[in-house]
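Summary of the model geometry
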Amino acid sequence: MTLEQLLAYSNHRGASDLHLVHNNPPQMRIDGSLVAVDYKSLSGREIESLIYPHISKEQIDEYEDRHELDVALSFSKAGRFRANIYKAMGESAVAFRTIPTTVPSLDELKSPEIFKELIKSEKGLVLVTGATGSGKSTTISAMINEINANYNKHIMTIEDPIEFVHKSKKSLISHRNVGSDTESFANALKYALRQDPDVILVGEMRDRETIGAGLTIAETGHLVFGTLHTNSAPQSINRIIDVFETGKQNQVRMQLSSTLIAVISQVLVPKKGGGRKAIFEILINNGAIANLIRDNKNHQIYSQMQINQTKTGMRTQTQELIKAVEANEIDTDHALKVSNSKEELKRGLNITTGSEES
């Protein structure tokens, strides 16, 4: 099979990812589990022969120099993919992530209604967090799509690589690819204010310089969306602050307490009958949360999230997992595997004995 045929087959099977690794047959991730393709084992050279025709000479040179490369690929029949080419035991390997060719709406994703309220903000920071493969990019793209469809804004996305490609509707969209359009996330943010954006998507807030620039831009009257690889909303607050040296952390707490709009932490859980369900933990920055951030009492944030939720719109992961189990959408074992608070979840599900993970 050609690479396009292999990717098209993976899409046909409903896979979210396709892996090519030396001395193994191709493997697809379907509903969170790996499934081998009925195909021969591939050598590193064969993997290179599949991927190299689809990337530029400059990208090949960069990969062979650094031994890893992120690229976005498009095929007429197979669709769009994010690919990471890397070395494993000295041999080439590739991980492909499927990118839907159409940008989903918040309604199509059955997202919480509060997401439509968050995008109405004129300025501030919205963080969408979770592990790799948790659906962060899809959630943010749906929120960007909602702004694009309903508001006259200049939306700038900074990604590595560009994933969802938005066509301008009511808004004007500028897509910037780190590497080819700008040197780095931090560099793009440094010059962003000269490009007159209203909304900025930062594909990954991965370092101190990028996070600092994002906070400053959110302070100066812009709506900023960013992602972090954290597993809970309170943990995301800690990560933002801890990335800075001790002497600057008080200043960052002040910035974060005033600019943060919300933290959405998500995980995808296999559904009964197939597919996956998104479980959202939602922190909304209000007066009480802002005071806790400013006073360095982050350990109290989780408890505050549980108070008066009907009014605040907040929810915890444990509560959402319990709802999904009780609605017979997911099973208890899968809920426990993804839970950040297994003992709390067991109490909520009245599990007192058994061999579930603790």
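That block above? That's the structure.
Now for a look at the structure at hand. Quick caveat: nothing in here was measured; it's all calculated off a predicted structure. (Residues numbered from 1 in each chain as written. Predicted model: local features only at pLDDT ≥ 70, side-chain atom pairs only at ≥ 80, totals over all residues. Heavy atoms only, no water.)

Another aspect to go through is the overall build of the chain. Scanning the chain for helices and strands turns up 15 helices and 13 strands. In terms of overall dimensions, the chain is globule-like: its C-alpha atoms have a radius of gyration of 21 Å, near the 21 Å expected for 358 residues. In terms of its C-alpha atoms, the chain occupies a principal-axis envelope of roughly 60 × 55 × 40 Å. Residue pairs in contact within the chain that sit at least 24 positions apart in sequence constitute 54% of those at least 6 positions apart. (Helix = DSSP H or I, 4+ residues; strand = E, 2+ residues; numbered from the N terminus. Rg over C-alpha atoms; globule rule 2.2 N^0.38 Å. Contact = heavy atoms within 4.5 Å.)

Looking at the secondary structure, you find Leu-18 in strand β1 (residues 17-20). Here Leu-18 falls in the buried class, since its relative accessible area comes to 1%. Leu-18 sits 60 residues away from Ala-78 along the chain, and the two C-alpha atoms are 12 Å apart. Residues within four places of Leu-18 in sequence aside, it is in contact with Leu-6, Leu-7, Ser-10, Pro-26, Gln-27, Met-28, Val-94, Ala-95 and Phe-96. (Buried < 20%, exposed > 50% of the residue type's maximum accessible area, 1.4 Å probe, protein only.)

Turning to unusual backbone geometry, a few remarks are in order. As a rule of thumb, non-glycine residues mostly have phi less than zero, and peptide bonds are mostly trans rather than cis. Omega for the peptide link from Asp-160 to Pro-161 comes to -5 degrees, which places this bond in the cis form. Take Pro-161: it is sitting in the loop between β8 (154-159) and β9 (172-177). Backbone geometry places Asn-308, a non-glycine residue, at a positive phi of 50 degrees. With respect to the helices and strands, Asn-308 occurs in the loop between α11 (301-305) and α12 (309-312). Phi at Asn-350 takes a positive value of approximately 60 degrees, unusual for a residue other than glycine.

As judged from the nine bridges shared by strand β12 (residues 260-270) and strand β13 (residues 276-284), these two strands associate in the antiparallel manner. Bridge pairing links Gln-266 to Phe-280 in β13. Once β12 ends, the chain turns through five residues before running back antiparallel as β13, passing Gly-273 with a positive phi of about 90 degrees. (Pairing = 2+ DSSP bridges.)

Right, let's get into the sheet that holds strand β10 (residues 199-202). Read from one edge of the open sheet, seven strands run β9-β8-β10-β11-β7-β12-β13, paired in mixed fashion. Each edge of the sheet is formed by a strand with only one pairing partner; in this case those strands are β9 and β13. Averaged over all pairs of adjacent strands, the angle between strand axes in this sheet comes to 15 degrees, irrespective of strand direction. Across five bridges, the pairing between strand β7 (residues 124-129) and β12 is parallel. Bridge pairing in β12 links Thr-129 to Ser-265. Seen against the sheet, helix α13 (residues 317-326) touches β12 and β13 and runs at an angle of roughly 145 degrees to β13. (Axes fitted to C-alpha atoms, helices over the stretch in contact; angles between N-to-C directions.)

On to the sheet that holds strand β4 (residues 68-75). One open sheet holds the six strands; their spatial order is β3-β2-β1-β6-β5-β4, and the pairing between them is antiparallel. Unpaired on one side and paired on the other, β3 (33-36) and β4 mark the two borders of the sheet. Adjacent strand axes in the sheet meet at a mean angle of 25 degrees when their direction is disregarded. Those strands touched by helix α2 (residues 44-51) are β1, β4, β5 (79-88) and β6 (91-99), and its axis lies near 45 degrees from that of β6.

Before going further, it helps to examine the layout of surface pockets. In this model, the second largest pocket occupies a volume close to 450 Å³. Elements supplying a minimum of two residues to the lining of the second largest pocket: α3 (57-66), β4, α6 (185-192) and α7 (208-219). With five residues, the top contributor of residues to the lining of the second largest pocket is β4. Considering only residue class, the lining of the second largest pocket consists of seven nonpolar, seven polar and nine charged. (1 Å grid on protein atoms, 1.4 Å probe; cavity = no way out; pocket = protein on both sides within 12 Å on 5 of 7 lines; lining within 4 Å. Points joined across faces, edges and corners; volume = space filled by probe spheres on them. Nonpolar A, V, L, I, M, F, W, Y, C, P; charged D, E, K, R; others polar.)

Before going further, it helps to examine the packing of helix α9 (residues 249-259) against helix α10 (residues 287-294). Axis angle and axis distance: for two packed helices, these are the angle between their axes and the distance between the axes, and together they describe the pair. One can describe the packing of α9 onto α10 by two numbers: an axis separation of 8 Å at closest approach and a directional angle of 170 degrees. With respect to their mutual orientation, α9 and α10 come out roughly antiparallel. Contacts between α9 and α10 involve Arg-253, Met-254, Leu-256 and Ser-257 from the first element and Ala-290, Ile-293 and Arg-294 from the second. (Parallel < 35°, antiparallel > 145°, perpendicular 65-115°, else oblique.)

Bringing the nonpolar core into the picture now. Ranked by internal contacts, the top residues of the largest apolar core, which has 59 residues, are Phe-115, Leu-125, Met-143, Phe-225, Leu-256, Leu-260 and Leu-283. Those residues in contact with Leu-260 that lie beyond four places of it in its chain are Leu-125, Leu-127, Ile-237, Leu-283, Asn-285 and Ile-293. Core analysis: the second largest hydrophobic core is formed by 27 residues, Leu-6, Leu-18, Met-28 and Ile-85 among them. (Core = buried A, V, L, I, M, F, W, Y, C linked by side-chain atoms within 4.5 Å.)

Here a ring pair, both rings aromatic, is described through the centre-centre distance and the interplanar angle of the planes. Scanning all chains against the criterion turns up three aromatic pairs. With a centroid separation of 6.2 Å and an interplanar angle of 65 degrees, the aromatic rings of Phe-75 and Phe-81 are classed as edge-to-face. Among the residues examined, Phe-75 registers a relative accessible area of 10% and is labelled buried. For Phe-81, a relative accessible area of 1% translates into the label buried. Seen from their ring centres, Phe-115 and Phe-280 are 5.3 Å apart, and the 85 degrees between their planes marks the pair as edge-to-face. (Phe/Tyr/Trp six-rings, centres within 6.5 Å; stacked < 30°, edge-to-face > 60°.)

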